[in-house]
Amino acid sequence: MRRGRASLGWALLLSLAGCTCERAPAQEREAVVEADAPAQLRLGEVAPLPDPRSTPRRVVLFDETSPYSRVRVLQKKNLRLLGFLQDNGREMIQSSLDVDAPHVLKLPYGQAAFLSLAIKPSQPRILIVGLGGGAMVHFLRRHLPDAALEVVEIDPVVVKVAAEYFGVRDGVEAKVHVGDGVAFIQGASARWDAIYLDAFFKPTAPNTDLSGVPEGISGPAFLRSLAEHLEPDGLMILHVHHRADWAEHLRAVQGVFPHQRTIAHRGSVLIFASRSPLPEPAAIVERAAALDDRHGWEFSMAELAKRVAIPEPAQG
């Protein structure tokens, strides 16, 4: 297994769509439950079975090795989890979804990512790179129901479990594309108002750093292509794990996007970037407070917004 200093592995990073958000210890002697998801679900509904709420232990609903990782779906009480099993037996929890309220963001990085709505409130066309368990999709469907929402995910097994266990189906909750994120964006004729990049791979994969960010591939050309597929005032939202050399990623972004805002929150760094000027931090706090009042979500966006920073200009 190779370890090394993070480099600007943007193309491969986006190809390996998924994210490493929280660690969970490997579980011994977990119960394995086999069940088919219901054939018909309403918009945004998550398959309710099996329902192991009477036990505090996690139940494995799905376990399969894909071309990219070992993918597991687990449930503990009302929480449904998507995890990737590392070579050392530890799970990296990528998504956490409340089956009774799938639109509620459970992981801190997702809450921070949607400061985007206080930075750029109008997002009629949205692209997400990295599907996972679809928490972002459910959140956007609830709060921006009229948005045209697309997702690209390289792993067909992740797409399958997102549909069967997390209620994210192609053509219903979002248009889901199975394929390489880089090739998809570079080959697209469309432009988006917001592109959310939430793409990591398991840290034990070859040619990755400690956070799962791939090494050795130059990224400025792709970042320029990404900028060309955003509207002139479009917003890029990049999730970088704290284990990565995120300052290096920021410098790469600054080489293409002249305006940035950042927030560091519980192990993650979110970089918001645009070719057009972005609001000052005080204005973001004010907008976030108004969104809190309007939507009444289960976290304080205004409190998060108080931590937004304007990064220093890139050196050299």
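Going by the structure above, here's the rest.
None of the values given here were measured: they were computed from a predicted structure. (Residues numbered from 1 in each chain as written. Predicted model: local features only at pLDDT ≥ 70, side-chain atom pairs only at ≥ 80, totals over all residues. Heavy atoms only, no water.)

**As for the sheet that holds strand β13 (residues 268-274)**
Note on sheets: strands pair through backbone hydrogen bonds, and any given pair is parallel or antiparallel.
Move 1: A sheet is described by the order of its strands in space; here 7 strands give the open sequence β9-β8-β7-β10-β11-β13-β12, paired in mixed fashion. Each edge of the open sheet carries a strand with a single partner, namely β9 (175-178) and β12 (259-265). Each adjacent strand pair in this sheet contributes to an overall mean axis angle of 15°, direction not counted.
Move 2: Summarising the sheet, strand β8 (residues 148-153) and β9 pair through 4 bridges and their orientation is parallel. Directly across from E153, in β9, lies its bridge partner V178. (Pairing = 2+ DSSP bridges. Helix = DSSP H or I, 4+ residues; strand = E, 2+ residues; numbered from the N terminus. Axes fitted to C-alpha atoms, helices over the stretch in contact; angles between N-to-C directions.)

**A short note on the nonpolar core**
Move 1: One finds F114, I128 and M301 to be the most contacted residues of the largest nonpolar core, which totals 58 residues.
Move 2: Excluding residues that lie within four positions of it along the chain, M301 makes contacts with F114, L115, A118, A288, L291 and D292.
Move 3: Counting residues in hydrophobic clusters, the runner-up holds 27 residues, among them L127, F184, A188 and F257. (Core = buried A, V, L, I, M, F, W, Y, C linked by side-chain atoms within 4.5 Å. Buried < 20%, exposed > 50% of the residue type's maximum accessible area, 1.4 Å probe, protein only. Contact = heavy atoms within 4.5 Å.)

**Things to note about the pattern of salt bridges**
Move 1: The full count for this structure, using the stated rule, is 11 salt bridges.
Move 2: Linking K160 and E64 is a salt bridge whose minimum nitrogen-to-oxygen distance equals 3.2 Å. Taken together, the residues K160 in helix α5 (residues 156-165) and E64 in strand β3 (residues 59-65) connect sequence positions 96 residues apart.
Move 3: We classify K160 as partly exposed; its relative accessible area is 32%.
Move 4: Counted as one network, the salt bridges with shared partners bring together R58, D63, R70, R72 and E91. (Salt bridge = Lys/Arg side-chain N within 4 Å of Asp/Glu carboxyl O.)

**Notes on empty space enclosed by the protein**
Move 1: Across all of its chains, the model carries 3 cavities of 30 Å³ or more by this definition.
Move 2: In this model, the largest cavity occupies a volume close to 140 Å³.
Move 3: Taken together, 16 residues line the largest cavity, and the ones lying closest to its centre are S95, Y109, A135, M136 and D198.
Move 4: Among the secondary structure elements, those contributing two or more residues to the lining of the largest cavity are β6 (91-98), α2 (108-113) and α4 (135-143).
Move 5: Split by residue class, the lining of the largest cavity holds 8 nonpolar, 7 polar and 1 charged. (1 Å grid on protein atoms, 1.4 Å probe; cavity = no way out; pocket = protein on both sides within 12 Å on 5 of 7 lines; lining within 4 Å. Points joined across faces, edges and corners; volume = space filled by probe spheres on them. Nonpolar A, V, L, I, M, F, W, Y, C, P; charged D, E, K, R; others polar.)

**A look at the pairing of β8**
Move 1: Within β8, 5 of the 6 residues are buried, which leaves it mostly tucked inside the rest of the structure.
Move 2: In this structure, strand β7 (residues 125-129) lies alongside β8, joined through 5 bridges in parallel fashion. Bridged to V129 within β8 is V152.
Move 3: Crossover β7 to β8 through α4 is right-handed.
Move 4: In this fold, the crossover linking β8 to β9 by way of α5 has right-handed handedness. (Right-handed = clockwise from strand over helix to strand, strands pointing away.)

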